[in-house]
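Spelled out, the chains give:
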Amino acid sequence: MGHGLRLGVLGPVTAWRDGVRVGLGPARQRAVLGLLALTPNVPVHRKTIIDAVCGDDVPATAVHLVQVYVNRLRRLLDPGRLLTSAGTSYELVAADGQLDLMVFEVRASRATRAHAAGELGVACEAYAGALDTWRAEPLADIEILHAHPVVVALRQRRSDLVIRYGEAAMAAGRHGDVLPRLRELAAAEPLNERAHAALMLALAGSGQQAAALTLFDDLRRRLDDQLGVRPGAELADAQQRVLRQDVPQGPGRGAGATPLAPRQLPATVPSFAGRDAEFATLTKATDDGGAGQRARIMTITGVAGVGKTTLAVHWAHQAARRFPDVQLYVNLRGFDPSGTPVAAADALRGFLAALSVPAGMIPATADAQAALYRSLLADKRMLVVLDNARDPAQVRPLLPGSAGCMVVVTSRSSMAGLVAAEGAGQLSLDVLGDAEAAELLAGRLGRTRAVAEPEALAELTALCAGLPVALVIVAARAIARQHLPLGALAAELRVSKNRLDALSTGDSATDVRSVFSWSYLSLSAPAARLFRLAGLHPGPGLSAQAAASLAGIPLSAARQGLRELVSAHLIDEHSPGRFALHDLLREYAAEQARCTGTQVSRRAAIHRMLDHYLHTALAAAALLEPEQPWIILAGITRGVTLERFAGPRAAADWFDAEHPVLMAAIALAVDHRFDLHACQFAVTLTGILDQSACWGDLAVCSATALAAAQRAGHREAEAYAQRGLAGAFARLGRLSDAHVHLQRCLEQFTELDNLDGQARAHLNLACLLHDMDDSERALGHAHRAREMFGLLQQAPGLAASLNTVGWLEAWLGQVEQGLAYCQQGLALAQDIGDRANAAATWDSLGFVRDLLGQHEAAVSCYQLAAAIYSELGAVWYRAEVLVNLGDAHEAAGDHQAAREQWREALEVLQRTHYPGTERLRAKVASQPVTR
């Protein structure tokens, strides 16, 4: 083993010092070393080690055990230098050549570079050298880590490298060198279509065509028996090449002939579902392009696994009769596990060979090859499918020039350059709708089984989030386990800790995680980081400002990163400036965030995001409700970008758009122990949720905030949460519960000597007691609130309490006195620019004017209140005012106007718990319709 310390993880975990084997202790101790060695020179958090080594059975002494294992390993190996620690993380510091995994990666990178440069002999030697570093499966003696994501990815890396070695060996005419490795891989992964395709070509190149075709037939039967699917495009293409003898021959073998009229389309899927509109778009492009002077081009773009290739190939088979001369297909591998797209020149040479151009007649330069290609296709009716393209530059040399040709390009990239420069049509593929997804599953499973369990079928489609690749995997699982009901399969997927694990196949071509990774690995470093952090966002959508806050970067940089993610179809701009991740992509992004960086950095990102939403919400609420209550928080975190609002309407629109995100943010704050954030969220949203009639959400966020405040021991926050919960219960008709919480709120604010909180509680009790038919006590609380707000010189609160006192005085018969109080409240609200209180007081003045018999004046007051609430976006408050306005119109004798106001109010209020909904519906019905 040479001098010094050497470690091995590509096989059992081993160590040698100066060629002498070092004993590494018990299995869990070796597991700690193996886990650190899988990511050399990268800190690994102690919790990550505990989760991996202990699984679900974490002992109370887990932290101590990890410390013991690390200390023992330090003594056994190289004290103080090999294993380092920082805080709660550990790192294996390895030099080049000290760890077999690092040797493997160096040799694999050298092989890939040589392969890309066309140095095939060098590439083959380097591939073989890299693969020779493997003694057995990684961490072969550590069973608890066999399913670890890094181990799984490492096994996949080796599989891909064997296949790339096969490609290089075939191009170099050295088929025999790689045959043993390909046979071993195919035996180990009996459903890996790429491995079998590479083995078929190597066998055929060695003159063993019969063995290659037998291999294909065996795999086809296995795929049908175990998964209920047909061979994919790459395997079908390999079979066609063997049948045509279109495989480069090794030494001493003669080259075969290529057909005169190539038919290269891969086999279509057995059960195609949905996509009717997209099919029609492709067909229309074919019909519309006949009179043009250039080839027709259609791009099909979309997220990984959405079915772009499936649609293109299935449609191409249906349209093939329109293009009888030539049908060409190539997988350009723009987003391939190997990371090496097919060069346009290589694809072009393949097309020329398929068009019967002898190798000696193919020009040397790419431009001359493209010219010959276009010349051969002049006046031909040809269909070209360019699958999995990386960018327009890879596609352009492969575009024919004849008007009789049709080109379909599939890509995860937006292909905007083809649209702009070549006039290509664009078809952006979305996930399947519920009905289409169910149809796909039913087609794979069989109608009888699908119809027998419609609820389970619906749940499976929902758990797959409409993503075709996920649906196909679930169907394959169900076919392989015919004895299990679909409900049991749905339950497995539902309770799985990680849906990506549940949707794993072990085949990089169909595994959901692998399919996503090809797009992710093609991103620039800033965009990849932004994508990872977006996985921490609770959803369903985020703005550019929220993304900038998550990443702690300038807004311009966030927008640039989002544009790249949209172009790569890893994130969707579902409306201008609003972005969303597909459910499974969100899980993948979150997984990458957990695997990259530290827990500290993730918590910092979540902190910035929560600050973004909370401080933006505070700014928006200040435009709608001046003098909002405030719980003391730490200052806003560095790197946070806030939204800006032109006025109250824009603030209300922001709350409406971000409503589900804000609710999710409260839960996220609690999950990550940002308790005061959760409390301030609830306080800030109380008025907004109330005026939007979202009382169920108000109850949830207030209860969440109450628990967080009690956990944090923050009495003031607890009191505010009690107040919010009382407001929600009052709106929901649970008046007794509301009274209990309000009384507790008042007691806590009194104990804290918080006069502002006491005044607000008194004001809320005034409204609640009136609803409980105790208006005399209600008036007492209203006067107490007025006195306290006056002492505090808190103008918005004083305006609100004057209005409440006035309304209650009028209700109890002191109408003139009530009018005076309301007029005082209105004047104060107008002086300070408090639009919300002004609207509420105009509503009260309408009530008072009605009591005085001044119905026309009442109508004017109510109209002013409704107009202000409309400006503020307070839909539910406005609807309440419209009920009163209708009553005033009726009292004034204008029955048609009354009916119109009631009907408009009813459209809003019937969606809420408004107590008078049925009575209002009867009033609308009682008024005759005049024309």
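Data block above holds the structure.
Quick notes on the rules
- Residues numbered from 1 in each chain as written.
- Predicted model: local features only at pLDDT ≥ 70, side-chain atom pairs only at ≥ 80, totals over all residues.
- Heavy atoms only, no water.
- Pairing = 2+ DSSP bridges.
- Helix = DSSP H or I, 4+ residues; strand = E, 2+ residues; numbered from the N terminus.
- Contact = heavy atoms within 4.5 Å.
- Axes fitted to C-alpha atoms, helices over the stretch in contact; angles between N-to-C directions.
- Buried < 20%, exposed > 50% of the residue type's maximum accessible area, 1.4 Å probe, protein only.
- Polar contact = N/O pair within 3.5 Å; in protein donor to acceptor, adjacent residues only side chain to side chain.
- Core = buried A, V, L, I, M, F, W, Y, C linked by side-chain atoms within 4.5 Å.
- Arc of directions from axis to C-beta.
- Salt bridge = Lys/Arg side-chain N within 4 Å of Asp/Glu carboxyl O.

1. Considering the sheet that holds strand S4 (residues 44–45)
Note: strands within a sheet are paired through backbone hydrogen bonds, in either parallel or antiparallel orientation.
At step 1: Strand order in this open sheet of three strands is S4-S6-S5, and the pairing throughout is antiparallel. Looking at which strands have only one partner, the edges of the open sheet turn out to be S4 and strand S5 (83–86).
At step 2: Of the pairings in the sheet, the one linking S4 to strand S6 (residues 89–92) comprises two bridges and is antiparallel in character. By the bridge assignment, Val44 is partnered in S6 with Tyr90.
At step 3: In this fold helix H1 (residues 27–38) packs onto S4, S5 and S6, with an angle of close to 75° to the strand it touches most, S6.

2. Things to note about the side chain of Arg586
At step 1: Within the secondary structure, Arg586 sits in helix H27 (residues 583–595).
At step 2: The class for Arg586 is buried, based on a relative accessible area of 16%.
At step 3: Here the side chain of Arg586 touches His537 through a polar contact of 3.0 Å, landing on its backbone oxygen.
At step 4: Excluding anything up to four places from it in sequence, Arg586 contacts Ala534, Gly535, His537, Pro538, Gly539, Pro540 and Leu581.

3. What to know about the nonpolar core
At step 1: Trp315, Leu523, Phe531, Tyr613 and Phe655 are the most contacted members of the largest nonpolar core, which has 181 residues in total.
At step 2: The contact partners of Phe531, leaving out residues within four places of it in the chain, are Tyr520, Leu523, Leu565, Leu570, Leu581, Leu585, Tyr588 and Ala589.

4. Topic: helix H13 (residues 344–354)
At step 1: Among the residues of H13, those classed as buried are Ala344, Ala347, Leu348, Phe351, Leu352 and Ala354. When H13 is viewed along its axis, its buried side chains cluster within an angular range of 160° and face the same direction.
At step 2: Looking at the buried positions of H13, the neighbouring elements they touch are strand S8 (326–331), helix H14 (366–377), strand S9 (382–389) and helix H15 (392–395).
At step 3: Of the residues flanking the end of H13, it is Ser356, one or two places downstream, whose phi is positive at about 70°.

5. A few points about the sheet that holds strand S12 (residues 542–543)
At step 1: Taken in spatial order, the three strands line up as S12-S14-S13 in an open sheet, and their pairing is antiparallel. Edge positions in the sheet fall to S12 and strand S13 (572–575), since each of these pairs with one other strand and no more.

6. Let's talk about the pattern of salt bridges
At step 1: If you walk through the whole model with that rule in mind, you get 34 salt bridges.
At step 2: Of the charged contacts in the structure, one is a salt bridge between Arg194 and Glu167, with a shortest N-O distance of 3.8 Å. Linking Arg194 in helix H8 (residues 193–205) with Glu167 in helix H6 (residues 149–171), this pair joins segments that are 27 residues apart in sequence. Accessibility assignment for this pair places Arg194 and Glu167 in one class, buried.
At step 3: One salt bridge in this structure joins Glu751 and Arg744, with 3.9 Å as the shortest N-O distance.
At step 4: Residues participating in the shared-partner salt-bridge network are Asp160, Arg164, Glu167, Arg194, Glu234 and Arg333.

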